[in-house]
Structure formats: structure tokens, C-alpha cells
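Overview (structure and organization)
Residue strings, one per chain:
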Amino acid sequence: MRSWKFGALVGAALGLQAGMACAEDLRDEPLAEIQQLADAGRADAQRELGIRYGQGTGLEQDYRNARSWASKAASQGDPWAMRIMGLIYLEGLGVDADKWRAVDYFKRSADAGDLYAQYNLAVIYYEGTLTKQSYDKAITWYKRAADQGNTMAQHNLGLMFANGIGTATDRVEAYKWFMLSGSGDAIAATTEMQAIAPRMTKTEIASAQERAELWRANMEWVP
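Residues numbered from 1 in each chain as written. Predicted model: local features only at pLDDT ≥ 70, side-chain atom pairs only at ≥ 80, totals over all residues. Heavy atoms only, no water.

As a further point, take the overall build of the protein. Assigned secondary structure in the protein consists of 12 helices and zero strands. Scanning the protein from its N terminus toward the C terminus, one meets helices and strands in the order α-α-α-α-α-α-α-α-α-α-α-α. A separation threshold of at least 6 residues defines the contact pool for the protein, and within that pool the share at least 24 residues apart is 54%. For the protein, the exposed surface amounts to about 10,600 Å²; the carbon and sulfur share of it is 49%. (Helix = DSSP H or I, 4+ residues; strand = E, 2+ residues; numbered from the N terminus. Contact = heavy atoms within 4.5 Å. Areas by Shrake-Rupley, 256 points an atom, 1.4 Å probe, with all protein chains shown as cover.)

Following this line, the structure appears as C-alpha cells:
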């Protein structure tokens, strides 16, 4: 089963995937303006400044400052910032690694709706290396991330249904999630669908396709 997806965490740098529209706007803003907004208490600016320090974008890379600014945003309930804090403590970036604090930040971010934190938390529960293993919780968090369109979560959820891990085997549901995950990794999705298709009837495959189309239709109507 595919593992961690924190965003593009490369080496020791913080590389976060897009998750909030306001962050997209701030990425193109001058550093001086970001600093001014962060000093004024704006959580999105504090998070963006933390990311820039973590990446060394436009200034010297400094994980301590990255943690300081991300922590300020996280304390205001910013989901993305809380996920950053989870990454910082998990990887020990400028601070002693602390798996308990990492998991706590991921939980808080996931509860606040961050789909990448939800995916990370699912992996944590599936692997059971940072906390007690729980396939039930893994499925719950994979499902929440998958329902928001996280293709890695969709793929892993498909694997759990296909193999009956933490749930009854359900090839129709598995095939549906593999179909949906194909927008992220078409080769991996096709491989898994081809693996289970011989054990399914044409009616079951058609049902899985209908479920996938219904899911897509519902997603299109989410405000």
C-alpha cells in the first residue's frame, strides 16, 4: 500500500500542496507585504511566511522561524499551518522530533478539514508505527480525504476494500475508488482494476462505474 503523502516534502524542505485559495494569492505577494500582514496577525500570512522560511524562498532557510510563524497561524486554527506543524515535529525540522505532537497536529488539521492531513492520519493509523494501529480509523480518514478528491486516499481506500482490510471485501466499491483515483495515477489505477476485474461480473463492474459517475456528479455540485 502506498504510504505517506504530506505534500511534496523534498529533502529537509517544506513543500506543501495547494489547499487554500488565500494561500494561492499570497504566494505571489512580495515578502515585505507578507511580513507586514503576518506581523498584523493574519493567519494566512503567518503560514505563508513559515513556508517561505522552511523552503528558503526569498530569504535564508530557517526552520526555527518556520516553526515560529507556522505555530502562530496554527494557534489561530489554520488547518494548513497545523499540518505544517505536524510535518515539522514528525521530521524534526529545527526541533527535536516528537511523534506525539506530530500526530496531535495532524488530528487537529484533519478535524478542521485538511484533506492532506486526513490522508496522513489514515496512513498513521494503517501503519501503526506512530500510534496504535487501527484499520477502522484508517478507513474513516481515507474516506474523508477520498471524498474531498484526494486521489492517493482513493487508491488506498480501494486497496482496503479489494483486500478486505479492516472491512468486508467489496470489489465493487474498490473498483469505484480505483476509477476515481485514476486522475492522479492512471497507471496504478488501471493496474488495480485489471487485477480485480476477472473476479467481478459485468454487472458488478457496471455498478462500480455508475457509483464513480455519481460521485463525480455530486462533487461537481459541492458549493
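From this point on, the discussion continues.
Attention now goes to the side chain of Asp-44. Its place among the elements puts Asp-44 in helix H3 (residues 43-55). Its relative accessible area of 10% is what places Asp-44 among the buried residues. A distance of 2.7 Å separates the side chain of Asp-44 from the side chain of Arg-42, its partner in a polar contact. (Buried < 20%, exposed > 50% of the residue type's maximum accessible area, 1.4 Å probe, protein only. Polar contact = N/O pair within 3.5 Å; in protein donor to acceptor, adjacent residues only side chain to side chain.)

Under the defined criterion, the tally for this structure stands at nine salt bridges. Shared partners join several salt bridges into a network, and the residues in it are Glu-173, Lys-176 and Arg-211. (Salt bridge = Lys/Arg side-chain N within 4 Å of Asp/Glu carboxyl O.)

With that settled, the discussion passes to helix H11 (residues 186-196). Among the residues of H11, Ala-188, Ala-189, Met-193 and Ile-196 are the ones counted as buried. Down the axis of H11, the smallest arc covering the buried residues is 130 degrees, so these residues share one side. Exposed residues pointing more than 90 degrees away from the buried face of H11 are listed as Ile-187 and Gln-194. (Arc of directions from axis to C-beta.)

To continue, consider the confidence of the model for the protein. With 87% of its residues at a pLDDT of 70 or more, the protein has an overall mean of 88. Here helix H1 (residues 21-26) stands out as the element of the protein with the lowest mean pLDDT, 53, in contrast to helix H10 (residues 171-181), whose mean of 98 is the highest. Confidence drops under pLDDT 50 across residues 1-24; counting only partners more than four residues distant or on other chains, this segment forms 79 contacts. (pLDDT = per-residue confidence, 0-100.)

Turning our eyes to something else, we now look at helix H7 (residues 115-127). Its 13 residues give H7 an end-to-end C-alpha distance of 18 Å, which sits within 8% of 18 Å, the value for a rise of 1.5 Å per residue. For H7, the full list of buried residues reads Leu-115, Tyr-116, Ala-117, Gln-118, Tyr-119, Asn-120, Leu-121, Ala-122, Val-123, Ile-124, Tyr-125 and Tyr-126. The secondary structure elements touched by the buried residues of H7 are helix H5 (79-91), helix H6 (99-111), helix H8 (135-147) and helix H9 (151-163). Looking at where H7 begins, the residue whose side-chain oxygen comes 3.0 Å from the main-chain nitrogen of Tyr-116 is Asp-114. Of the residues one or two after H7, Gly-128 is the one with positive phi, at around 70 degrees. (Expected span 1.5 Å × (residues − 1).)

Taken as a whole and assessed by the stated rule, the structure comprises four aromatic pairs. When the ring of Trp-177 is compared with that of Trp-215, the centres are 6.2 Å apart and the planes differ by 70 degrees; the resulting orientation is edge-to-face. Of this pair, Trp-177 sits in helix H10 while Trp-215 sits in helix H12 (residues 202-220), placing them 38 residues apart in sequence. Each member of the pair, Trp-177 as well as Trp-215, carries the same accessibility label: buried. Its guanidinium or amino end placed over the ring of Trp-69, Lys-72 lies 5.5 Å from that ring's centre, counting from NZ or CZ. (Phe/Tyr/Trp six-rings, centres within 6.5 Å; stacked < 30°, edge-to-face > 60°. Lys NZ or Arg CZ within 6 Å of the ring centre and 35° of its normal.)

Position of Met-219 among the secondary structure elements: in helix H12. On the basis of relative accessible area, Met-219 is assigned to the partly exposed category, the value being 29%. Distance in space between the C-alpha atoms of Met-219 and Asp-147 is 8.3 Å, their sequence separation being 72 residues. Once residues lying within four places of it in the same chain are set aside, the contact partners of Met-219 are Asp-147, Gln-148 and Gly-149.

Turning to the nonpolar core, a few remarks are in order. Leu-121, Tyr-142 and Tyr-175 are the most contacted members of the largest nonpolar core, which totals 59 residues. In terms of residue count, the dominant contributor to this core is H5 (nine residues). One finds Leu-37, Ala-45, Tyr-53 and Trp-69 within the second-largest nonpolar core, a separate group that totals nine residues. (Core = buried A, V, L, I, M, F, W, Y, C linked by side-chain atoms within 4.5 Å.)

With that out of the way, let us pick up the packing of helix H2 (residues 31-39) against H3. Orientation of H2 relative to H3, taken along the N-to-C sense of each, is 130 degrees, at an axis distance of 8 Å. Comparing their axes, H3 and H2 come out oblique. Considering only the axes of H2 and H3, their crossing is left-handed. Between H2, through Leu-31, Ile-34, Gln-35, Leu-37 and Ala-38, and H3, the contact on the second element is made entirely by Ala-45, Gln-46, Glu-48, Leu-49, Arg-52 and Tyr-53. For the contact of H2 with H3, the class distribution of residues is seven nonpolar, two polar and two charged. (Axes fitted to C-alpha atoms, helices over the stretch in contact; angles between N-to-C directions. Parallel < 35°, antiparallel > 145°, perpendicular 65-115°, else oblique. Left-handed = near helix turned anticlockwise from the far one by under 90°. Nonpolar A, V, L, I, M, F, W, Y, C, P; charged D, E, K, R; others polar.)

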